[in-house]
Amino acid sequence: MSQISSGNPVIDTRMAELLAGGVPFHMFSLPFRLRFQFTGEVAQAARGSAIAFSGPAKLSEPFMLQTQLTVTIDGDGRHELRFGAVDVAGVLEREVRGRLAGPARATYDRLVQPYAPQLRNCTVIVASHAGDDRVLGPIGAGVNFYGEVAFAAVEPTRALCKSFPQAQLDARVLPLHVGCRNDATLTFVIEGSAALGVELGTPAVTLDRLALRVTQASASPVAAAAVPFTLRVGGETKAFAGVLADAGGKLTNIGSLDAESAAWADPLGARGLTLTNVQIRLQPTGAAPYVRVELQAGTRIGGEKVDAKPILLFDAAAPERAVLRIVSDVVTDLRRLLAGLIDPKWLPEALIGLPLDDYALAIAPNGGTIEGTTYATGIALRGAIDLWGFRASVDGALSFSGGGHLYGAMSRIAFPEEGWLIHIRGEGEAGPSLRLDFSEAKRGVHVIGAVKIVTRYNHAFELVVEREHLKIALGKTQLGIYAGGVLEVGDGKVTLTAESNFHGRCKVPLGRFSIELDADVAAAYRATGTRELVRQDVVFRLDACGAELDFAANAGTLRFEEVESLAKFFAQQSERIGQLIAQQLLLGPLAGIAWLQQYLPDPTQVAMVARDVGMACAAAADAIRQVFSLGAEACATSLRLAAFSTYKIAEAMTTAYGMTERAAGELLDKIGVPAKEIAKAMHKAFDWSAEETAEFCKDVLDLGDKATRNALEAADYSSKEIKKAMKDVFDWTEDMWNSFIDLF
């Protein structure tokens, strides 16, 4: 054949070189040299700075065929050989696969072989440089194969067809480009894309296109595929960049939201709510619509991250009826949650600190019935609020501009559990109602219910909720002893307080006597405890002994219904009352004995009570003197009959009546106290010497020497003291002392 000439020396020189030496290239790392020879007329066509030479030609290995060949060479000597109708599958099997070994063969079999058998009737381009073709797409520097494969014939499109049969993708074809870089290393790309625009059994999900790009570094053909899709729910349209994943033989399409930070702001119109790192997982199912749409995302409400799970639901036939549910089992601050969803100006202060647990938001812009559950249009919220150690289940609706409400009922509240003392209830067997309003029409947090006490008394209430406790001021009538009381519940515990007044009567023991106490009594009732155990205490107050006495008594499980039952319980405390009166007699003898006189008009009985309770003789004497206006003799007689010590009586006479010590001794004699006791009293009470006592015995008691000596001995003087006293008072000599000793 004559030399081909274009008139451009650079192009013509390159053509001569190619014709003489062939075109070297690598195919899947294996070296080849393609030789060609035009066998007929060669046409020339200018293509910019390049010349395209076209004509019938004979090609050497690895293709070994006669075909129409176009050789394009540009002004820089760069070249491209293009020919078609090539059975690439046969070439690869014959020239490549058998020559590969080791890791290269394994990579080829895993990533190339799934496509190789389908590469028939392909266009082949061998290029010295990278470029782009308006029809075929990218051209790599090296050998390039272009063809079409049926979706149902190769992976991952075959699995896609089986996973989502409702999309009817079997008849689709995928334009495919296989390129091998002119390199001795295994470097290749298998790529293609196809517009899809098919629904996956529901208008909610449309597969937009399929894009495949397999390289030697790919894990699998499935991992190398991307299927972007569009989600249309609740009147919103969102684009997702989907990638395929193999899930047990079925493909799952996992799409990340095509937006900044993959964030979905105000989803389905819920202002203040943002879903972050949004992913949609499309999973095939065995029933219509044959696809399950799973939402995975983080949640922010009002800009704050919350620990919650978003769930997207929609009507497959009418996806504009969609619901976004936000569920969480983590305790959160109710007011902070609401402040992120509605205008904070609607929120009452009483919401501050209220803990919300097990809550669920349902955003349904168009309402509807989905999976058997009917959702009203708007935003619904339900959850559990912990108040005072008890749970209240609430639900309601809200909107950003209009506010909303949450209503519900608390769990049954009873103290103790069987409810014999306190039962706080609402309607029927439910606990009290809870109403949370946060709208222009009404704002506040109220608890509504009724209290039943000892299964008899009822008190209805409606109160503003305080987070720390429920405090109920009981009515002032028709509640028995509980009228005007206060019931407080907090931290799972109860306190019930009330005050009553009654006229108390009881027989109170006081030493050797009992008095018929008759007094006005104030009773402060207090019950405290939990659902397991309640303790009842009553503090009684009464005036006695010129003072206000009070004491507490544990009432156990008594049921106080009427004031009479409280008065009866008071009467049962007579022993304790007696102890308090005795103590008060010691603290205030004069006022105590003045009070006691109304019950014991006999001063001797009063003296006996004073002695029994441990009152000092001097204090008793002074009080009896003033209260009963007794003279010294009568007072001393009463004290002696009460069994006060003789020497104490003597002392008391000096303090209560201002007597001299001698006069006190004379009084003892007058009331019949024996001489020996008087002598002992003078010694012990006034620390008289033996001489003083002996003189008193001689002059006042008119005792002889021997009787005086016996009295001194009884008074516990020492022998030495007695001997001296007898000598000084009775002029006893030594012989007289000795003879008395010998006599006795």
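That block above? That's the structure.
Below: a short report on this structure. Since the structure is predicted, the reported quantities are computational estimates derived from the model, not experimental observations.

1. Looking at the overall build of the protein
Helix and strand counts for the protein stand at 18 helices and 42 strands. For 744 residues, the compact-globule estimate of 2.2 N^0.38 gives 27 Å, and the protein exceeds it by more than 25% at 57 Å. The principal-axis extent of the C-alpha atoms belonging to the protein is close to 185 × 70 × 40 Å. The buried share among the 744 residues of the protein stands at 49%. Sequence-distant contacts in the protein: of pairs separated by 6 or more residues, those separated by 24 or more amount to 52%.

2. Notes on a negative patch on the surface
Residues Asp520, Asp543, Glu548 and Asp550 make up a contiguous surface patch of negative charge. Take glutamate 548: it is sitting in strand E42 (residues 547–554). Residue classification places glutamate 548 among the exposed residues on the basis of a relative accessible area of 53%.

3. Here we look at the pairing of strand E40 (residues 513–529)
Here strand E39 (residues 493–510) runs beside E40; their pairing, made up of 17 bridges, is antiparallel. By the bridge assignment, histidine 503 is partnered in E40 with aspartate 520. Linking E39 to E40, which pair antiparallel, is a turn of two residues; within it glycine 511 sits at a positive phi near 60°. Bridge count between E40 and strand E41 (residues 534–544): nine bridges; the pairing is antiparallel. Looking at the pairing, valine 521 lines up with leucine 542 of E41. Hairpin connection from E40 to E41: four residues lie between these consecutive antiparallel strands.

4. Here's the deal with the state of the cysteines
Evaluated as defined, the whole model comprises zero disulfides. In this structure cysteine 545 is a free cysteine whose sulfur lies 13 Å from that of cysteine 506, the closest cysteine sulfur available.

5. Some words on the side chain of glutamate 95
As for its placement among the helices and strands, glutamate 95 is situated in helix H2 (residues 88–96). Of the residues examined, glutamate 95 reaches a relative accessible area of 17% and is grouped as buried. Within the local environment of glutamate 95, its side chain forms a polar contact with the side chain of arginine 94, the two groups lying 3.3 Å apart. Discounting residues that sit within four places of it in the chain, glutamate 95 has contacts with Leu30, Phe32 and Pro62.

6. A short note on the pairing of strand E38 (residues 486–490)
For a regular strand, side-chain orientation follows a simple rule: the groups alternate between the two sheet faces. Both strand E37 (residues 470–473) and E38 contribute to a ladder of four bridges, which runs antiparallel. Pairing of lysine 471 across the sheet is with glutamate 488, part of E38. The pairing of E38 with E39 spans five bridges and is classified as antiparallel. Bridge assignment links valine 486 to a residue of E39, and that residue is threonine 497.

7. Let's talk about the packing of aromatic side chains
A full pass over the atoms with the stated rule returns 22 aromatic pairs. With a centroid separation of 5.5 Å and an interplanar angle of 40°, the aromatic rings of phenylalanine 540 and phenylalanine 551 are classed as tilted. A residue pair is termed long-range when its members are at least 10 positions apart, and phenylalanine 540 in strand E41 and phenylalanine 551 in strand E42 qualify at 11 residues. Side by side, phenylalanine 540 and phenylalanine 551 carry an identical accessibility label, which is buried. One aromatic cluster is present, formed by Tyr457, Tyr482, Phe502, Tyr525, Phe540, Phe551, Phe560, Phe569 and Phe570 through successive ring pairs. Sitting over the face of the ring of tyrosine 407, arginine 435 holds its NZ or CZ atom 3.9 Å from the ring centroid. Lysine 698 extends its terminal NZ or CZ atom over the ring of phenylalanine 730, reaching a point 5.3 Å from the ring centre.

8. Observations concerning helix H8 (residues 589–596)
Every buried residue belonging to H8 is among Pro589, Gly592, Ile593, Trp595 and Leu596, and all of these are buried. All buried residues of H8 lie within an arc of 160° about the axis, which places them on one face of the element. Contact partners of the buried residues in H8: E39, E40, E41, helix H7 (574–587), helix H9 (603–613) and helix H10 (617–628).

9. Some remarks on the pattern of salt bridges
Counted according to the given criterion, the structure contains 36 salt bridges. For arginine 78, the salt bridge is made with aspartate 74, and the minimal N-O distance between the two is 2.8 Å. Linked through salt bridges whose partners overlap, the residues forming this network are Glu93, Arg97, Arg105 and Asp109.

10. Here we look at unusual backbone geometry
For the bond from glutamate 61 to proline 62, the omega torsion is 15°, close enough to zero to count as cis. By secondary structure assignment, the location of proline 62 is in the loop between strand E5 (50–59) and strand E6 (65–73). Cis peptide bonds are those with omega within 30 degrees of zero, and the linkage from alanine 288 to proline 289 qualifies with 5°. As for its placement among the helices and strands, proline 289 is situated in the loop between strand E20 (273–284) and strand E21 (291–301). The phi dihedral of aspartate 266 falls on the positive side, at around 50°, and the residue is not glycine. Among the secondary structure elements, aspartate 266 is positioned in the loop between strand E19 (264–265) and E20. Positive phi values are uncommon outside glycine, yet aspartate 491 reaches one of about 55°. Following the sequence through the fold, aspartate 491 ends up in the loop between E38 and E39. Using a relative accessible area of 61% as the deciding quantity, one classes aspartate 491 as exposed.

11. A few points about the sheet that holds E41
Sheet architecture is open: six strands sit in the order E37-E38-E39-E40-E41-E42, paired in antiparallel fashion. Each edge of the open sheet carries a strand with a single partner, namely E37 and E42. Across the sheet, the mean angle separating the axes of adjacent strands is 25° when strand polarity is ignored.

12. Observations regarding helix H6 (residues 563–571)
When H6 is considered as a whole, its buried residues turn out to be Leu566, Phe569 and Phe570. Looking down the long axis of H6, one finds its buried residues gathered within 105° of arc, a one-sided arrangement. Away from the buried face of H6 by more than 90 degrees, exposed residues Glu564 and Lys568 are located. As for H6, its buried residues are in contact with E39, E40, E41, E42 and H7.

13. Examining the environment of glycine 367
Tracing the sequence through the fold places glycine 367 in the loop between strand E26 (355–364) and strand E27 (368–370). Note: C-alpha distance between glycine 367 and valine 394 (27 residues apart in sequence) is 20 Å. Each residue touching glycine 367, except ones within four places of it in the same chain, is listed here: Arg321, Tyr375, Ala376 and Thr377.

Here is what the cut-offs are and how they apply
Residues numbered from 1 in each chain as written. Predicted model: local features only at pLDDT ≥ 70, side-chain atom pairs only at ≥ 80, totals over all residues. Heavy atoms only, no water. Helix = DSSP H or I, 4+ residues; strand = E, 2+ residues; numbered from the N terminus. Rg over C-alpha atoms; globule rule 2.2 N^0.38 Å. Buried < 20%, exposed > 50% of the residue type's maximum accessible area, 1.4 Å probe, protein only. Contact = heavy atoms within 4.5 Å. Patch = residues over 30% accessible without salt bridge, like charges linked within 9 Å, V, L, I, M, F, W, Y side chains within 5 Å. Areas by Shrake-Rupley, 256 points an atom, 1.4 Å probe, with all protein chains shown as cover. Salt bridge = Lys/Arg side-chain N within 4 Å of Asp/Glu carboxyl O. Lys, Arg positive; Asp, Glu negative; His and termini not counted. Charge placed at Lys NZ, Arg CZ, Asp CG, Glu CD. Pairing = 2+ DSSP bridges. Disulfide = S-S within 2.5 Å. Polar contact = N/O pair within 3.5 Å; in protein donor to acceptor, adjacent residues only side chain to side chain. Phe/Tyr/Trp six-rings, centres within 6.5 Å; stacked < 30°, edge-to-face > 60°. Lys NZ or Arg CZ within 6 Å of the ring centre and 35° of its normal. Arc of directions from axis to C-beta. Axes fitted to C-alpha atoms, helices over the stretch in contact; angles between N-to-C directions.

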